[in-house]
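Observations on the model geometry
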Amino acid sequence: MSVTGLIRMGDNALVLGQRLSEWCGHAPALEEDIALANIALDLIGQTQLWLGLAAERGAGASADALAFHRDAWDFRNLLLVEQPNRDFAVAMMRQFLFDAWHFEALMALTSHEDGEVSAIAQKSLKEVTYHRERSTDTVIALGDGTEESRTRMQGALGRLWPYVGEMFITDADDLTDMAALRPSFDAHVHNTLASATLTAPASDFAHQGGKTGARHSEHLGHMLAVMQSLPRSYPDAAW
Amino acid sequence: MSNEWPLYEVFIRGQHGLSHRHVGSLHATDAAHAIQNARDVYTRRKEGVSIWVVPAAEIMASSPDDKDALYDPADDKVYRHPSFFDIPDDAGAM
């Protein structure tokens, strides 16, 4: 089994966890702020498991070394998760689309032949089941909400839809056949969008290059600069 | 007119056998949202196994102005306490 598959799972959780933690103290309501911080912490916890296993299997010295001492071109996360927050609509739509994929991917990995992979998937799936429930309800509430919230959610969907395709482009490094997850993903997403009175763009155009590392968007480097600055300035820093 | 979401009171049951206890309040758009928010705000450290939420506006509370009439009459009715009965030794701990 390729360690790249483990790094992809870990990097998705790490990059989205960092993006979500950028909301801390800025979310539109106290309750949402706490919820986003909780979800961010769930994802950082999952990162430690995936990158920890990758490190054990030769990808690097430790999960921390992989998180803080790789450069943007070494990251293997989906382009979707590195997209900036912009506003609450974009952040919630990004979360919903990722959760819908993440749920299906983890569900498939719970029966992975490698016992450590299936154990991480089983633990993570409990958390992600809640993430998906919450972001689904939020998309419906804001889509089928006020004129302003609906316009913003439709705009966010249009902006992020070109990043959906990459989640289902699969290769031998993936831990499971990601293309096979598409029908279940589509069913959940289209049901939700219908309840939210939102319409997915007709185009299937997909930006690519995140999970292969070939072409990350400009945003990843800026995010890593903030995330990595402390451990790079003080390499042996400890709490 | 306030733009705040409605207020909900949150009750958490800590473990089996204990009753739900009031733990605080939060804002949410509806009851289902209030359950999710309560999960995130009040059960982060394994505080509970069950959540109730109640719209704060639906709670009828006694008025502080009525406290003389409501509570003072119990002051001199010590016989309402079950402390005047001899409990036989073989009844064990009550």
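All of these numbers come straight from a predicted model, not from anything done at the bench.

**Describing the packing of helix H2 (residues 30-59) of chain A against helix H1 (residues 31-42) of chain B**
- Axis separation between H2 of chain A and H1 of chain B bottoms out at 9 Å; the angle between their running directions is 65°. Read as a crossing pair, H2 of chain A and H1 of chain B show a hand that is left-handed. The segment H2 of chain A lies against H1 of chain B, with Glu-31, Ile-34, Ala-35 and Asn-38 of chain A engaging Asn-37, Asp-40 and Val-41 of chain B.

**Observations regarding H1 of chain B**
- An ideal rise of 1.5 Å per residue puts 16 Å on 12 residues; H1 of chain B measures up with 15 Å between its terminal C-alpha atoms.
- Along H1 of chain B, the positions that sit buried rather than exposed are His-33, Ala-34, Asn-37, Ala-38, Asp-40 and Val-41 of chain B. Each buried residue of H1 of chain B lies within a common arc of 170° when the element is viewed along its axis, so the set occupies one face.
- Turning to H1 of chain B, the residues buried within the fold contact H2 and helix H6 (115-143) of chain A together with strand S1 (7-13), strand S2 (21-27) and strand S3 (50-55) of chain B.

**Focus: the interface of chain B and chain A**
- Taken together, the contact pairs 12 residues of chain B with eight residues of chain A.
- Counting only elements with at least two residues in the side of chain B that touches chain A, the list comes to S2 and H1 of chain B.
- Looking at the side of chain B that touches chain A, the element that brings in the most residues is H1 of chain B, giving six residues.
- Classifying every residue of the side of chain B that touches chain A gives five nonpolar, five polar and two charged.

**Remarks on the nonpolar core**
- Within the largest apolar cluster, 61 residues are counted, with the highest numbers of intra-cluster contacts made by Trp-50, Ala-54, Leu-80, Met-93, Leu-97 and Met-153 of chain A.
- Within the residue set of this core, elements represented by two or more residues are helix H1 (3-21), H2, helix H3 (63-68), helix H4 (79-82), helix H5 (88-109), H6 and helix H7 (147-160) of chain A.
- Setting aside its immediate chain neighbours within four residues, Ala-54 of chain A contacts Val-3, Leu-6, Ile-7, Gly-10, Ala-59 and Leu-66 of chain A.
- Judged by nonpolar contacts, the second largest core, of 10 residues, contains Val-10, Leu-26, Ala-28 and Val-41 of chain B.

**Some remarks on the packing of H2 of chain A against H6 of chain A**
Residue and element names in this part refer to chain A.
- Contact pair H2 / H6: the axes reach a minimum separation of 11 Å and the direction vectors enclose 165°. Considering the angle they form, H2 stands roughly antiparallel to H6. At the point where H2 passes H6, the crossing takes the left-handed sense. Facing Ala-35, Ile-39, Asp-42, Gln-46, Leu-49, Trp-50 and Leu-53 of H2, the residues of H6 in contact are Glu-116, Ile-120, Ser-124, Glu-127, His-131 and Arg-134.

The rules behind the values
Residues numbered from 1 in each chain as written. Chains lettered and ligands numbered in written order. Predicted model: local features only at pLDDT ≥ 70, side-chain atom pairs only at ≥ 80, totals over all residues. Axes fitted to C-alpha atoms, helices over the stretch in contact; angles between N-to-C directions. Helix = DSSP H or I, 4+ residues; strand = E, 2+ residues; numbered from the N terminus. Left-handed = near helix turned anticlockwise from the far one by under 90°. Contact = placed C-beta atoms within 7 Å. Expected span 1.5 Å × (residues − 1). Buried ≥ 20, exposed ≤ 12 C-beta atoms within 10 Å, placed from the backbone. Arc of directions from axis to C-beta. Nonpolar A, V, L, I, M, F, W, Y, C, P; charged D, E, K, R; others polar. Core = buried A, V, L, I, M, F, W, Y, C linked by C-beta atoms within 7 Å. Parallel < 35°, antiparallel > 145°, perpendicular 65-115°, else oblique.

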